[in-house]
Amino acid sequence: MAWKKVHLTVVGLCLINLFCSLKIGYADVNWIKYSYFQNWGGLNDQLSAIEIQDNEASDIQNVIFDTGGAIKKRFGFLTIPNNPVEKVSTGSVVALTGLGFYQKNNSNKYVVAITNNDGKATAMKKTWNAGAALGSWDNIDAAILPLSYTNNNLPDFAVAEDNLVITIPATAQNKPFKYTGSGKVSFLTTDTDCPEATIVEYHKNHLFLAGDDDFPSRIYFSALDDITNYTATDFFDVQTADGTKTRGLVSAYDSLYVFKDKSMWRLSGQERDTFILQKMVDGIGTLSQQSIAVVNNIIYFTTAQGDKAVYDGAYTVKYISSKISNTISDLNLTRSLYALGINFDDNFYSSISDGGSATNNLVLLFDTIYNAWTQFVGINANAWCIAQDSNEQDVLIFGDYSGYAYSYPSANYFDGNVITDPIIAFYQTKWFRYSDIALGDKYWRLLKTYALSETTTNTLLYAECKSDYEESGKIVSINLSESGALWDVAFWDVDIWAGQGLKIGRNEVEKGKDMFQIRYSNDKVDEGFTIFGFENFIEPTNRI
């Protein structure tokens, strides 16, 4: 018995000495820690992936930045209606071409959709309330809506004098239409002086109309406080016969702004006798009325060359897409005519067509807090508008080329419930060089990732660790599930901050020797994540 006791004591002392030596070994390693949090710089593909800032991404998809700068997988969207799932309109060829949110003075709310139904414009509406996700769309169509209609004929909407005014472009031009909240869509007025138009804006109690092919630089306006009353001489021409046409109207800064292909104009004044037209910007304009949006009191738009720009209402236009110039150059720029823009959650969203695509299949999101770009794939918006939910919070309603309407965001991490598609999300860093720590080779020993799951399902976050421009790297998985040990886990493991759900993934990388890059990703249905930051542990050497 004594022998056994001595033997166990010796074994125990040996284990303690081994453990202490291991601890000393880990403490003595010559590793340098580099921490990266607040990675809200967004996409930068203008420069080499070596040259961009540490908090910028060399590639990015389906992630957003929260108010603290963390990287979050975007939410999905749900079909309207979703119980049962139905298209807005039916036919062999159906696409949503226009969406307008409309609230009457009596607080009744509607979303009105214009669809291409086998080559004919069709009007549908949804009474918008707490049950808007239920029930079919109602047909408010009339035989007066245009024929010879295509997916690229994008309507324009304006709420004026308790009516929703609609202009619908088509092969044969049309006068404006209106919806009153009941019955069918009808012509705006019987006044024969009301012009044909494809663009509409309500400003200073006048309805302004433009887009008449016979007078492409002409803008008409209604009588004061009467959008159904027109005088044949109530119009103004904006630099006629210059080879361009009026492309957009927007009310901002107590003025009406007129966009042409390569110029921007301001109309000030209150009514016919005091209107003053002034040219503000030359050489820059837009081709798309739908691309213009006012965000945080600044005008955002897509230029005729496909760039994204902001305008202050005076003489200054700034390009905000310089950082993503390669993304812009890869777009199908012939479809700048059909670019969309909208203010959602005080950010600028732009729906556009990627290179080779004949439809909008990419959304660029400009985060106005961080002045950073990200991009969404899966939201194929040909039309959209902003509506309010039952809590008066904004939701983005968009329509696609298959006849469905959707609300974004949902509370889930999958796209739609026609086909439950996973959201393929990733964030790719720059190439980190660490030239300051060694003249020679360097070795990436450890990656620590600070993240959490946004869903109750077993969420895996993948990190592809690459070195020296290799095509593919070492892929490690980080389990963000709720179960797990606390801080007394093994050295290479996942730590959890109790009560907060934060996981710290520790992964051996063991790569050398010059440059290193991480690509975080998740492509699973209903798995959401937030990445707060990460740390790289680098070991320098004297080997050159």
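Scroll up to find the structure.
Attention in this report is confined to the structure presented alongside it.

Quick notes on the rules
Residues numbered from 1 in each chain as written. Predicted model: local features only at pLDDT ≥ 70, side-chain atom pairs only at ≥ 80, totals over all residues. Heavy atoms only, no water. Helix = DSSP H or I, 4+ residues; strand = E, 2+ residues; numbered from the N terminus. Buried < 20%, exposed > 50% of the residue type's maximum accessible area, 1.4 Å probe, protein only. Lys, Arg positive; Asp, Glu negative; His and termini not counted. Charge placed at Lys NZ, Arg CZ, Asp CG, Glu CD. Phe/Tyr/Trp six-rings, centres within 6.5 Å; stacked < 30°, edge-to-face > 60°. Lys NZ or Arg CZ within 6 Å of the ring centre and 35° of its normal. Contact = heavy atoms within 4.5 Å. Salt bridge = Lys/Arg side-chain N within 4 Å of Asp/Glu carboxyl O. Pairing = 2+ DSSP bridges. Axes fitted to C-alpha atoms, helices over the stretch in contact; angles between N-to-C directions. Core = buried A, V, L, I, M, F, W, Y, C linked by side-chain atoms within 4.5 Å. Polar contact = N/O pair within 3.5 Å; in protein donor to acceptor, adjacent residues only side chain to side chain.

Let us look at the overall build of the chain. When you go through the chain residue by residue, the secondary structure sums to 2 helices and 44 strands. Principal-axis analysis of the C-alpha atoms gives the chain an extent of 115 × 50 × 40 Å. Counting only residues that meet the buried cut, the chain has 55% of its 544 residues in that class. Across the chain, the mean location of the 43 positive side-chain charges is 6 Å away from that of the 63 negative side-chain charges.

Inspection of every chain in the model, using the stated rule, returns 34 aromatic pairs. Measuring from centroid to centroid gives 5.9 Å for Phe432 and Tyr434, while their planes differ by 15 degrees, and the two rings are stacked. As far as burial versus exposure is concerned, Phe432 and Tyr434 are alike and both buried. Taken together through their ring pairs, the aromatic side chains of Tyr34, Tyr36, Phe432, Tyr434, Trp444, Phe516, Tyr520 and Phe534 make up a single cluster. The ring of Phe215 has Arg218 lying over it, and the distance from NZ or CZ to the ring centre is 4.2 Å.

Moving on to the environment of Gly91. The residue Gly91 is located in the loop between β7 (78-80) and β8 (94-103) in this model. The class for Gly91 is partly exposed, based on a relative accessible area of 39%. Excluding its chain neighbours within four sequence positions, the residues that come into contact with Gly91 are Asn117 and Asp118.

Following the criterion strictly, the structure yields 21 salt bridges and no others. Between Asp141 and Lys120 there is a salt bridge, and its shortest N-O distance comes to 3.0 Å. Within this pair, whereas Asp141 is found in the loop between β11 (138-139) and β12 (156-160), its partner Lys120 is found in strand β10 (residues 120-127), the two being separated by 21 residues in sequence. We note a salt bridge from Glu510 to Arg445, for which the minimum N-O separation is 2.5 Å. Taken together, the positions of Glu510 in strand β42 (residues 502-513) and Arg445 in strand β38 (residues 442-453) put the pair 65 residues apart, joining distant regions of the chain. Take Glu510: its relative accessible area is 39%, and that puts it in the partly exposed class. One continuous salt-bridge network, built from bridges that share partners, spans Lys33, Lys448 and Glu535.

Another point: the pairing of strand β20 (residues 246-252). Counted residue by residue, β20 has 6 buried out of 7 residues, so it is predominantly covered. Of the pairings in the sheet, the one linking β20 to strand β21 (residues 255-260) comprises 6 bridges and is antiparallel in character. Within the sheet, the bridge partner assigned to Ala252 lies in β21 and is Ser255. Taking the residues that link successive antiparallel strands as the turn, the β20-β21 hairpin has 2 residues, and the phi of Tyr253 there is positive, at about 55 degrees.

Time to look at the sheet that holds strand β40 (residues 474-479). The 5 strands are arranged β4-β37-β43-β39-β40 in an open sheet whose pairing can be described as antiparallel. Taken across any chain shown, the strands that pair with only one partner, and hence form the sheet edges, are β4 (59-61) and β40. Each adjacent strand pair in this sheet contributes to an overall mean axis angle of 20 degrees, direction not counted.

Formed by 47 residues in total, the largest nonpolar core has its most connected members in Tyr434, Trp444, Leu447, Leu461 and Tyr520. With residues up to four places along the chain from it excluded, the contact list for Tyr434 reads Tyr34, Tyr36, Lys442, Phe516, Asn536 and Ile538. If you look at the next biggest cluster of nonpolar residues, it comprises 19 residues, including Phe77, Ile342, Phe376 and Trp384.

Moving on: the side chain of Asn174. As for its position among the elements, Asn174 is in the loop between β13 (163-167) and β14 (177-179). There is a polar contact of 2.8 Å between the side chain of Asn174 and the backbone oxygen of Ala172.

What follows is about the environment of Asn152. Looking at the secondary structure, you find Asn152 in the loop between β11 and β12. With 186 residues separating them along the chain, Asn152 and Tyr338 place their C-alpha atoms 6.8 Å apart. Sequence-distant contacts of Asn152, defined by excluding residues within four places in its chain, comprise Arg335 and Tyr338.

Mapped onto the fold, Phe157 is located in strand β12. Sequence separation between Phe157 and Val200 is 43 residues, and the spatial gap between their C-alpha atoms is 6.5 Å. Dropping the residues within four chain positions of it, Phe157 is found in contact with Gly98, Leu99, Gly100, Val112, Ile114, Leu164, Val165, Ile166 and Val200.

That bond from Asn83 to Pro84 is cis: its omega, 0 degrees, falls within 30 degrees of zero. Secondary-structure assignment places Pro84 in the loop between β7 and β8. Here the amide bond leading from Tyr408 into Pro409 is cis, since omega sits at 0 degrees, within 30 degrees of zero. Tracing the backbone through its elements, the reader meets Pro409 in the loop between β34 (405-408) and β35 (414-415). One non-glycine residue, Ser148, lies in the positive phi region at around 50 degrees. Relative to the elements of secondary structure, Ser148 occurs in the loop between β11 and β12.

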